[in-house]
Amino acid sequence: MLLAFRCAFASKRVAATAIEANEFPQLSQELGVWAVPRIVVDGEPRWDGAVPEPEFLRRILA
Amino acid sequence: MREWFAELERPVELLVALGPEETPRAGAGDVDFGAEMVRVCEGIAELGDSVSCRVEEEPEGFPRFPSVSVRPEGRDAGVRYDGLPWGYELGSIVGAIVEAGREEPTLRPESVAALDELERDLAVDVFVTPT
C-alpha cells in the first residue's frame, strides 16, 4: 500500500487510495476482490499481491 | 511513532471525512466506523507536533466514508484511505504520514523519473484488509 502512496506523493499526476475491502463490500464485489492487496488502476483490476518497486511502476504505467 | 513524527520536515494534516457509510459485511458488529476513524486519527495526531487532524462532514472529493486524506502542509496530494485503518493497516497511515512529512520522495530516482514523464492522470486503488 505504501508504495502507491509514495507514488502519489512523488507525482501530482498520481492519486492513490487504500480501500478497506470489508467496509465496502459492494465495491469489492463489483471489482472481484477475493485476495488482497488487489491493485486497481483507473478502475480496472490489474493484479493481486505485493511486487517490488520497479515492477509496481512498470505495471501501473503500462 | 513519536520519534518518526519528530523528524518530519514539514507539517502533515489528516483530514477525516465523515458521511453516510455502506453497510459492511457481517461480523463488523456494532462498530461505529466514523467515530473510530476520528478516535484513531486524533490519537495519531497527538503523537507529533507536526501532525494535525481535522474532521469534516461530507467534504468534496470523497466518494466513500469514513475516509482520511493525508496532506503534506494541508495540500491534497491525492492520498486517501477509505475505511478504518485498523490492524496492520494502521502502519499504512503512519507510513503515509512519514512520507508526506518528507521534502523529497523516497522512491528510487528512476521511479521518480518515470512518474515525471506521465502525461495523464492515474488513479491507483489498493484494496486491503486489516489482517
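Draft legend 1. Representation of the interface of chain B and chain A within the structure. Counting residues at the interface gives 37 residues for chain B, matched by 37 residues for chain A. Contributing elements (two or more residues each) for the side of chain B that touches chain A: strand 4 (79–82), helix 3 (90–100), helix 4 (109–116) and strand 5 (122–128) of chain B. At 7 residues, the largest contribution of residues to the side of chain B that touches chain A is made by strand 5 of chain B. Within the side of chain B that touches chain A, the residues separate by chemical class into 20 nonpolar, 7 polar and 10 charged. Strand direction decides the pairing type here: strand 1 (residues 14–20) of chain A and strand 4 of chain B, joined by 4 bridges, are parallel. Along strand 4 of chain B, the bridge assignment pairs A:Ala16 with B:Val79.

Draft legend 2. Region of the structure containing the sheet that holds strand 2 (residues 38–41) of chain A. Ordered by their spatial adjacency, 8 strands build an open sheet running 3(A)-2(A)-5(B)-1(A)-4(B)-3(B)-1(B)-2(B), and the pairing between neighbours is mixed. The open sheet terminates on both sides in strands that have one partner only, identified here as strand 3 (44–48) of chain A together with strand 2 (51–57) of chain B. In this sheet, neighbouring strand axes are inclined to one another by 20° on average, regardless of whether the strands run parallel or antiparallel. Pairing analysis gives 6 bridges linking strand 1 (residues 12–18) of chain B to strand 3 (residues 67–72) of chain B, with the strands arranged antiparallel. Bridging across to strand 3 of chain B, B:Val12 finds its partner in B:Pro72. Contacts from helix 3 of chain B reach strand 1 of chain A together with strand 1, strand 2, strand 3 and strand 4 of chain B within the one sheet, and its direction differs from that of strand 3 of chain B by about 20°.

Draft legend 3. Layout of the nonpolar core. Membership of the largest hydrophobic core comes to 52 residues, with the highest contact counts inside it found for A:Ala4, A:Cys7, A:Ala8, A:Ala16, B:Leu14, B:Val68 and B:Val70. At 7 residues, helix 1 (residues 2–10) of chain A tops the list of elements feeding residues into this core. Filtering out sequence-adjacent residues up to four positions away, B:Val70 remains in contact with B:Val12, B:Leu14, B:Val79, B:Ile93, B:Ala96, B:Ile97 and B:Ala100.

Definitions and limits used
- Residues numbered from 1 in each chain as written.
- Chains lettered and ligands numbered in written order.
- Predicted model: local features only at pLDDT ≥ 70, side-chain atom pairs only at ≥ 80, totals over all residues.
- Contact = placed C-beta atoms within 7 Å.
- Helix = DSSP H or I, 4+ residues; strand = E, 2+ residues; numbered from the N terminus.
- Nonpolar A, V, L, I, M, F, W, Y, C, P; charged D, E, K, R; others polar.
- Pairing = 2+ DSSP bridges.
- Axes fitted to C-alpha atoms, helices over the stretch in contact; angles between N-to-C directions.
- Core = buried A, V, L, I, M, F, W, Y, C linked by C-beta atoms within 7 Å.
- Buried ≥ 20, exposed ≤ 12 C-beta atoms within 10 Å, placed from the backbone.

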